[in-house]
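# Fold and contact review
Here is how the chains run, residue by residue.
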Amino acid sequence: MPERRLRRARARVAAALGASALIGVTGVAAGPAGSAQAAPKAPAKAPAAAADCSAAYRIEQKLDGGTTWRMCWHYESKAGLVLDDVSYQPKGEAAPIKVLTSAKLGQIHVPYDDGSNEYDDLTGQPFAQELQQLDPAECPGGTIKTVRVPGAWDPDHPDVKGLCATTRARGHAYRMGGGGPDGNKVYQRQGKDLLLYTVNMVGWYEYITEWRFSGDGTMTMQVGATGTLSPMDYDAGDGRGWPIGKGAKDYATSHAHNVFWRLNFGLDGSSKSKVEQYDSKTTTATGQKPKTKTTRTQVTKELAGDAAAQRWWRVVSTAGKNKDGHPRSYEIVPGHTSKFPGRSYTKHDVYFTEYNKCEQFASHNPRSCSVGKSVDKWVNGQTLKHPIVWVNIGFHHIARDEDQEPMPVHWQGFQLSPRDVTAMNPLTPSALSDHNGHTEEEG
């Protein structure tokens, strides 16, 4: 077995046996030089703390169309990158609109189909310590920030150039033909997103954690898994894997990646958001066109929610409204998911829990001052005054020949979509700025 593979195997076993000793006490600092990578030559010194959001920890980006995103960041010994005080200021708004107090990964749970292994890649593995140094080619047009994490593998080289902040094209932000004062004009905009990402190695996998912020206020959170298939996890006899290589001799073991995100909203600067669930029902009657009715349910107590056809949730501001007088909110838009039924905490798609500083990870939560170690245990009937949102997106990885080598990135994630945050599309061209509400011409 090549040295690279031996090293990764040893790292995974060592982490499984003694993760707490390797990681140490959860802390905040600025990202690690792992034993898996050479220390950067003459690295820029990272700041020691991010509590005051000094310049090194501040991100501000004005996008085409006039939208400015602002936020701070810090790096934790288990969760890795954490975004703080995320605000959104589209053109026409006199001040930034605060959206999130904090956002981070809440767990990556990896159970194997044959029951041989089950990992919690944030709290049980050296996820944060294996922050990877980024090549400039991986961050085109952007800046690679120097990061330091607690418990670096090499205490003499704790700094890693491991956080990319750049912009990336997203394609059409909108397109509308035949509108405006000139009926022949086509209105279109090619959008760009602010993109932040890190790469963290766990065993054979490398996780790309992306945070995207668009000019129209949309936020996209996703994790991409790449790297290589583990040569340790093959079994030709249990019927659960997939044949990799020539013939049907070697079967790669199938497994799941269940990724959780933890979102602490602070819409308009207040933690006292409301949560609402919407369900639509379509009825049919002979000789009539189908009709759909949507009902709103106020989620006033903690909830373990299950996605369903024509169901969605939003987090609503209690402290601010847009210029039309509508409460600002963000809708949770889950991406494709394969829900894993094997653990109580992975059986639901979204959780709304009352804030508790101890409840930081969806499973195997390391802090002992909370009742229960997983998010499902925290849903116990408390009234929601300061809701925390947990989003669970699962991916069932049944390996294929194309996963060799390196493995193509497979993505899983979700979006937060603005709903009534602004009175109109914040990217609306000036010629259409009066098209708000019912604009049908009288005939």
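Values in this document were obtained by computation on a predicted structure and should not be read as measured data. (Residues numbered from 1 in each chain as written. Predicted model: local features only at pLDDT ≥ 70, side-chain atom pairs only at ≥ 80, totals over all residues. Heavy atoms only, no water.)

This brings us to the nonpolar core. The nonpolar side chains of a soluble globular protein tend to be buried with one another. Of all hydrophobic cores here, the largest spans 67 residues; its most connected members are Trp69, Leu100, Leu196, Phe213, Leu263, Tyr330 and Leu416. The element best represented in this core is strand E5 (residues 97-111), accounting for seven residues. If near-sequence neighbours (up to four positions away) are discounted, leucine 263 is found in contact with Leu100, Ser102, Ala103, Met221, Ile388, Val389, Val391, Phe414 and Leu416. (Core = buried A, V, L, I, M, F, W, Y, C linked by side-chain atoms within 4.5 Å. Buried < 20%, exposed > 50% of the residue type's maximum accessible area, 1.4 Å probe, protein only. Helix = DSSP H or I, 4+ residues; strand = E, 2+ residues; numbered from the N terminus. Contact = heavy atoms within 4.5 Å.)

What follows covers the state of the cysteines. Within the structure shown, the criterion is met by two disulfides. In this model cysteine 53 forms its disulfide with cysteine 72; the gap between the sulfur atoms is 1.9 Å. Disulfide cysteine 53-cysteine 72: the torsion about the S-S bond is -100°, which places it as left-handed. Here cysteine 53, found in the loop between strand E1 (28-29) and strand E2 (58-62), pairs with cysteine 72, found in strand E3 (residues 68-76); they are 19 residues apart in sequence, far enough to count as distant. Each member of the pair, cysteine 53 as well as cysteine 72, carries the same accessibility label: buried. Two residues share a disulfide in this structure: cysteine 139 and cysteine 164, whose sulfurs sit 2.1 Å from each other. Handedness here is read from the sign of the S-S torsion; for cysteine 139 and cysteine 164, about 85°, the answer is right-handed. One end of the pair, cysteine 139, is in the loop between strand E6 (118-120) and strand E7 (143-148); the other, cysteine 164, is in strand E8 (residues 159-177), and 25 residues separate them in sequence. (Disulfide = S-S within 2.5 Å.)

With that settled, the discussion passes to the sheet that holds strand E11 (residues 219-227). Spatial ordering of the open sheet is given by E7-E8-E9-E10-E11-E22-E19-E18-E15-E16, a layout of 10 strands whose pairing is antiparallel. Of all strands in the sheet, those bounded by a partner on one side alone are E7 and strand E16 (291-299). Sheet twist, expressed as the average angle between the axes of neighbouring strands with direction ignored, equals 25°. Sheet topology places strand E9 (residues 186-202) next to strand E10 (residues 205-214); 10 bridges connect them, and they run antiparallel. Residue pairing for E10: aspartate 193 is matched across the bridge by serine 214. (Pairing = 2+ DSSP bridges. Axes fitted to C-alpha atoms, helices over the stretch in contact; angles between N-to-C directions.)

Moving on: the confidence of the model for the protein. Considering every residue of the protein, the mean pLDDT works out to 87; 85% of them sit at 70 or more. This model gives residues 1-7 a pLDDT under 50, and the stretch forms 14 contacts once residues within four places in sequence are excluded. In the model, residues 9-50 has pLDDT below 50 throughout and makes 119 contacts with residues more than four positions away in sequence or in other chains. (pLDDT = per-residue confidence, 0-100.)

Quick look at the packing of aromatic side chains now. Scanning the model with the defined rule gives 10 aromatic pairs in all. Both rings, one in phenylalanine 127 and one in tyrosine 207, keep their centres 6.3 Å apart while their planes meet at 45°; by these two values the pair is tilted. Here phenylalanine 127, found in the loop between E6 and E7, pairs with tyrosine 207, found in strand E10; they are 80 residues apart in sequence, far enough to count as distant. You'll find phenylalanine 127 and tyrosine 207 in the same group, each marked buried. Positioned above the aromatic ring of phenylalanine 361, the side-chain terminus of lysine 104 is 4.9 Å from the ring centre. Positioned above the aromatic ring of tyrosine 187 is the side chain of lysine 185, whose terminal nitrogen or guanidinium carbon lies 5.2 Å from the ring centre. (Phe/Tyr/Trp six-rings, centres within 6.5 Å; stacked < 30°, edge-to-face > 60°. Lys NZ or Arg CZ within 6 Å of the ring centre and 35° of its normal.)

Turning next to the environment of tyrosine 174. Here tyrosine 174 is to be found in strand E8. In this structure tyrosine 174 comes out as buried when scored by relative accessible area, which is 17%. For the pair formed by tyrosine 174 and leucine 427, sequence separation is 253 residues and the distance between their alpha carbons is 8.7 Å. Excluding residues that lie within four positions of it along the chain, tyrosine 174 makes contacts with Tyr187, Gln188, Arg189, Asn425, Leu427 and Pro429. Looking at tyrosine 174, its side chain comes within polar contact range of the main-chain oxygen of leucine 427, at 3.4 Å. (Polar contact = N/O pair within 3.5 Å; in protein donor to acceptor, adjacent residues only side chain to side chain.)

The buried fraction of E10 amounts to 10 of the 10 residues, a majority that puts the element mostly inside the structure. What you see with E10 is no split at all: Tyr205, Tyr207, Thr209, Trp211 and Phe213 on one side and Glu206, Ile208, Glu210, Arg212 and Ser214 on the other are buried throughout. Between the end of E9 and the start of E10, which pair antiparallel, lie two residues, with glycine 203 showing a positive phi angle near 60°. Looking at chain direction, E10 and E11 are connected through nine bridges and run antiparallel.

Turning our attention to the environment of arginine 262. In this fold, arginine 262 is placed in strand E14 (residues 255-265). When its relative accessible area of 3% is taken as the criterion, arginine 262 is described as buried. Those residues within four positions of arginine 262 in sequence are excluded, and the remaining contacts are Ser102, Ala103, Lys104, Leu105, Gly106, Tyr355, Asn356, Glu359, Gln360, Ile388, Val389 and Trp390. Separated by 3.1 Å, the side chain of arginine 262 and the backbone oxygen of glutamate 359 make a polar contact.

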